There are 2 protein chains.
Amino acid sequence: VEVACLDLEGVLVPEVWIGVTETMGIEALRATTRDIPDYGQLMRQRLEILDQNGIGLSQIQAVIAEMGPLEGAREFLDWLRENYQVVILSDTFYQFATPLMRQLGWPFLLCHHLQTDGAGHITGWDLCVPGHKREAVRAFHGLNFKVIAVGDSFNDTGMLGEADTGIFFSAPENVTRDFPGFQTTQDYGALKTAFQEASRKLRES
Amino acid sequence: VEVACLDLEGVLVPEVWIGVTETMGIEALRATTRDIPDYGQLMRQRLEILDQNGIGLSQIQAVIAEMGPLEGAREFLDWLRENYQVVILSDTFYQFATPLMRQLGWPFLLCHHLQTDGAGHITGWDLCVPGHKREAVRAFHGLNFKVIAVGDSFNDTGMLGEADTGIFFSAPENVTRDFPGFQTTQDYGALKTAFQEASRKLRES
């Protein structure tokens, strides 16, 4: 039985900050690490913008709950959990993911953590270890498990490379072009087939 | 958010080999590591007895499916998964656990694996790394997570000792006497309270 490591945003649920930006109509929140490469600086800017607009955690969580998982994600994940041991490895925060995890049947999730004050303002964040996606795959290898990993972006490539099989799902072309060694899939049907083929090869080897 | 590491048999489901022994009425299967300390020798004896009685994997799985989880286990686990990231760490085999995992909502499980032939006979087994329960706790620590662990027997004490908080659930007196440092609980209500207290202390520290 293999461990399946899945990225969250873009693979099972929409991009959270983009959804929040669009639903709340705050264009300044649209910046990503492509605009501000320093993650700490980007997060500080996001928190300032939220504060200026009087937006607390509960309002963001309400927006995220409305977003819901991607179409077909729950059915795919249910199938995956019957056949593999599934871990979600994400750069989101538990407080953002919770409304989506409820809709996905509470899969096992390793991600970051937001600090809030008593009034529900987001005051800071605690990160896992650097490269926690790749490190988690290493840890499962250390326990003697084979790993099949799925992601859609640059921050997943360490995990995909460390896994026994790495698969792109719905990844932008600039990502797949830079990492041509990983199989690409565009929908859950193709991803399911990719899992079955990867398992068969791993069990034969 | 803490990682909750739970033993399976005795904590969420009945002891599988005892259930199989009693349902099938094969007294020779009752031997445990208390009678035959060498696990490999014990497993070889069990497989021989199954073979002599013409019992394959599917018949054992049917018995296990009928056993079901312990009373209240599903409700407890559902609560736990909403509040913690839950991993089941067990010395059982995936093929035995599957009917019970279905009834428990497919939690994340790290355990051992049985080898079977095309006819459904159990021919051998593959173990995780030695001490995989303790090693898994170490791995979560390495990813910067706090761990609360629950077990009921000697093979859990390495995991309980490695965790930030170790809790016995329904453990025999000879076990709790030898390891007086761990809190003891007897039912899911007490276990829930123990989790809440452990979290509060870990978050304050």
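Residues numbered from 1 in each chain as written. Chains lettered and ligands numbered in written order. Predicted model: local features only at pLDDT ≥ 70, side-chain atom pairs only at ≥ 80, totals over all residues. Heavy atoms only, no water.

**Here's the deal with the overall build of chain A**
- Helix and strand content of chain A: 9 helices and 7 strands.
- The C-alpha atoms of chain A give 17 Å as radius of gyration, which agrees with the globular expectation for 205 residues (17 Å, within 12%).
- With the C-alpha coordinates of chain A rotated into their principal frame, the extents come out at 55 × 30 × 30 Å.
- Within the span of chain A, comprising 205 residues, buried residues form 52% of the whole.
- Put simply, of all contacts in chain A between residues at least 6 apart along the chain, 58% involve residues at least 24 apart.
- Within the structure as shown, chain A displays about 9000 Å² of accessible surface, and the carbon and sulfur contribution to it stands at 46%. (Helix = DSSP H or I, 4+ residues; strand = E, 2+ residues; numbered from the N terminus. Rg over C-alpha atoms; globule rule 2.2 N^0.38 Å. Buried < 20%, exposed > 50% of the residue type's maximum accessible area, 1.4 Å probe, protein only. Contact = heavy atoms within 4.5 Å. Areas by Shrake-Rupley, 256 points an atom, 1.4 Å probe, with all protein chains shown as cover.)

**Considerations on the sheet that holds strand E3 (residues 108–116) of chain B**
Residue and element names in this part refer to chain B.
- Taken in spatial order, the 7 strands of this open sheet run E4-E3-E2-E1-E5-E6-E7, and their pairing is mixed. With one partner strand each, in any of the chains shown, strand E4 (122–126) and strand E7 (183–185) form the two edges of the open sheet. For this sheet the average axis-to-axis angle between neighbouring strands, irrespective of direction, equals 25°.
- With 3 bridges connecting them, strand E6 (residues 165–169) and E7 associate as parallel partners. Bridge pairing links Phe169 to Thr185 in E7. (Pairing = 2+ DSSP bridges. Axes fitted to C-alpha atoms, helices over the stretch in contact; angles between N-to-C directions.)

**Some remarks on the sheet that holds strand E3 (residues 108–116) of chain A**
Residue and element names in this part refer to chain A.
- Here 7 strands make up an open sheet; going across it, the order is E4-E3-E2-E1-E5-E6-E7 and the pairing mixed. Of all the strands in the sheet, just strand E4 (122–126) and strand E7 (183–185) have a single pairing partner and so form its edges. Pairs of neighbouring strands in the sheet enclose a mean axial angle of 25°, with direction left out of account.
- The sheet contact formed by strand E1 (residues 3–6) and strand E2 (residues 85–93) spans 4 bridges and is parallel. Looking at E2, one finds that Ala4 is bridged to Val86.
- On the sheet, helix H6 (residues 132–142) packs against E1, E2, E3 and strand E5 (147–151) and is oriented at approximately 160° with respect to E2.

**Describing the packing of helix H1 (residues 16–24) of chain B against helix H3 (residues 57–67) of chain B**
Residue and element names in this part refer to chain B.
- Running from N to C, H1 and H3 point in directions that differ by 105°, and their axes come no closer than 10 Å. By the angle between their directions, the pair H1 and H3 is classed as roughly perpendicular. Residues Val16, Gly19, Val20, Thr23 and Met24 of H1 pack against Gln59, Ile60, Val63, Ile64 and Met67 of H3.
- Partitioned by chemical class, the residues of the contact of H1 with H3 number 7 nonpolar, 3 polar and no charged. (Parallel < 35°, antiparallel > 145°, perpendicular 65-115°, else oblique. Nonpolar A, V, L, I, M, F, W, Y, C, P; charged D, E, K, R; others polar.)

**Section: unusual backbone geometry**
All names here are of chain A.
- In this structure, Trp106 is a non-glycine residue whose phi angle is positive, near 50°.
- The residue Trp106 is located in the loop between helix H5 (94–103) and E3 in this model.
- We classify Trp106 as buried; its relative accessible area is 16%.

**Structural notes on the relation of the copies chain B and chain A**
- In screw terms, the move from chain B to chain A is a rotation of 180° and a rise of 0.0 Å along the axis, fitting with an RMSD of 0.0 Å. When the rotation and shift are considered jointly, the pair of chain copies conforms to a two-fold rotation axis. When each C-alpha of chain B is compared by its distance to the rotation axis, Ala139 of chain B comes out closest, at 2.8 Å.
- When the interface residues of chain B are mapped onto chain A, 100% of them again fall at the interface, so both copies present the same face. (Least-squares fit on C-alpha atoms with pLDDT ≥ 70 in both.)

**Observations regarding the pairing of E3 of chain B**
All names here are of chain B.
- As judged from the 4 bridges shared by strand E2 (residues 85–93) and E3, these two strands associate in the parallel manner. Along E3, the bridge assignment pairs Leu89 with Leu110.
- In terms of handedness, the path from E2 via helix H5 (residues 94–103) over to E3 forms a crossover that is right-handed.
- Inspection of the sheet shows E3 paired to E4 by 4 bridges, in the antiparallel sense. Along E4, the bridge assignment pairs Leu114 with Trp125.
- Hairpin connection between E3 and E4: a loop of 5 residues separates the two successive antiparallel strands, and Gly120 in this loop has a positive phi of roughly 85°. (Right-handed = clockwise from strand over helix to strand, strands pointing away.)

**Here we look at the pattern of salt bridges**
- Within the structure shown, the criterion is met by 20 salt bridges over all chains.
- For Lys133 of chain A, the salt bridge goes to Asp7 of chain A, with nearest N and O atoms at 3.0 Å. Of this pair, Lys133 of chain A sits in helix H6 while Asp7 of chain A is found in the loop between E1 and helix H1 (16–24), placing the two residues 126 residues apart along the sequence.
- According to the relative accessible area criterion, Lys133 of chain A is buried, its value standing at 3%.
- Here Arg203 of chain B and Glu2 of chain B are joined by a salt bridge, their closest N and O atoms 2.9 Å apart. Of the two residues, Arg203 of chain B is situated in helix H9 (residues 188–204) and Glu2 of chain B in the segment before strand E1 (3–6); the sequence distance between them amounts to 201 residues.
- For Glu2 of chain B, a relative accessible area of 3% corresponds to the buried category. (Salt bridge = Lys/Arg side-chain N within 4 Å of Asp/Glu carboxyl O.)

**Some points on the packing of aromatic side chains**
- Scanning the model with the defined rule gives 27 aromatic pairs over all chains in all.
- Taking 5.1 Å as the distance between ring centres and 55° as the angle between the ring planes, the aromatic pair formed by Tyr84 of chain B and Phe195 of chain B counts as tilted. Of this pair, Tyr84 of chain B sits in the loop between helix H4 (73–83) and E2 while Phe195 of chain B sits in helix H9, and the two are 111 residues apart along the sequence. Of the two residues, Tyr84 of chain B and Phe195 of chain B, both sit in the buried class.
- The structure contains a cluster of three or more aromatic residues connected by ring pairs, namely Phe76, Trp79, Tyr84, Phe169, Tyr188 and Phe195 of chain A. (Phe/Tyr/Trp six-rings, centres within 6.5 Å; stacked < 30°, edge-to-face > 60°.)

**Overview of helix H3 (residues 57–67) of chain A**
All names here are of chain A.
- Within the span of H3, buried status applies to Leu57, Ile60, Val63, Ile64 and Met67. All buried residues of H3 project into a common sector of 125° when viewed along the axis, lining one side. Away from its buried face by more than 90 degrees, H3 exposes Ser58 and Glu66.
- Structurally, H3 contributes buried residues whose contacts are with H1, helix H2 (39–52), H5, E3 and E4.
- Taken from the residues just after H3, Gly68 is the one with a positive phi, measuring 70°. (Arc of directions from axis to C-beta.)

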